[in-house]
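As a plain string of letters, each chain reads:
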Amino acid sequence: FVLLVRLAENATLTSELTSDGGATTTRGFIYGIGSYTITSTSTGTSIGTYSATITGLTAGSTYQVKTFATNSAGTVYATSPTSFTTSNYATLAAT
C-alpha cells in the first residue's frame, strides 16, 4: 500500500520591527498565493522581533509575504516581499 503524508499545513513567520516612529498599535503579516489576501496580526506593539503561526496552507503552493506595522500616522508595509513554497505530499512505501 501507499501512505500519503501531508507535510505542510502551517508556517511560522518572523520579522523584526526596528523603528516605530511613534506608538505602534498593530504589527503583523499579509500573505497569500499570488496576492496578499490574508492578514495575520501578531501580539505586541513595541520595537523588536515578533512572529505569527499561519495554518491551513495549501501544499505545493508559493506564498508571498510582507510585514506591516500600524501607528497613529498610518500603516507601513515592507518594501520587499518574501516568498516561501510549502511542501507537496510525500509518498512513503510500506513493505
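Residues numbered from 1 in each chain as written. Predicted model: local features only at pLDDT ≥ 70, side-chain atom pairs only at ≥ 80, totals over all residues. Heavy atoms only, no water.

Enquirer: Provide a residue-level description of the packing of aromatic side chains, including the pertinent values.
Expert: Across all of its chains, the model carries four aromatic pairs by this definition. Taking 6.4 Å as the distance between ring centres and 50 degrees as the angle between the ring planes, the aromatic pair formed by Y31 and Y63 counts as tilted. Here Y31, found in strand β3 (residues 24–32), pairs with Y63, found in strand β6 (residues 62–71); they are 32 residues apart in sequence, far enough to count as distant. Across the pair, Y63 and Y31 agree in class, each one buried. The structure contains a cluster of three or more aromatic residues connected by ring pairs, namely Y31, Y63 and F84. (Phe/Tyr/Trp six-rings, centres within 6.5 Å; stacked < 30°, edge-to-face > 60°. Helix = DSSP H or I, 4+ residues; strand = E, 2+ residues; numbered from the N terminus. Buried < 20%, exposed > 50% of the residue type's maximum accessible area, 1.4 Å probe, protein only.)

Enquirer: Could you give an account of the nonpolar core, with specific residues and numbers?
Expert: Considering soluble globular proteins, one finds that nonpolar side chains tend to be buried as a cluster. Membership of the largest hydrophobic core is limited to twelve residues, which are A11, L13, L17, F29, Y31, Y50, A52, I54, L57, Y63, V65 and A69. Elements that contribute at least two residues to this core include exactly β2 (10–17), β3, β5 (48–55) and β6. Residues in contact with A52, not counting those within four places in the same chain, are A11, T12, L13, F29, S40 and T41. (Core = buried A, V, L, I, M, F, W, Y, C linked by side-chain atoms within 4.5 Å. Contact = heavy atoms within 4.5 Å.)

Enquirer: Go over the pairing of β6 with me, naming the residues and quoting the values.
Expert: Burial within β6 is extensive, with seven of its ten residues counted as buried. Judged from the four bridges that link them, β6 and strand β8 (residues 82–85) form a sheet pairing that is antiparallel. Bridging from a neighbouring strand, Y63 pairs with F84 of β8. Hairpin geometry of β6 and strand β7 (residues 74–77) is characterised by an intervening segment of two residues between the two adjacent antiparallel strands. (Pairing = 2+ DSSP bridges.)

Enquirer: Can you lay out the environment of T62 for me, pointing to particular residues and giving the numbers?
Expert: Residue placement: T62 occurs in strand β6. Residue T62 is classed as partly exposed on the basis of its relative accessible area, which comes to 36%. Sequence-wise, T62 and S87 are 25 residues apart; in three dimensions their C-alpha atoms are separated by 9.5 Å. Looking at T62, its side chain comes within polar contact range of the side chain of T85, at 2.8 Å. (Polar contact = N/O pair within 3.5 Å; in protein donor to acceptor, adjacent residues only side chain to side chain.)

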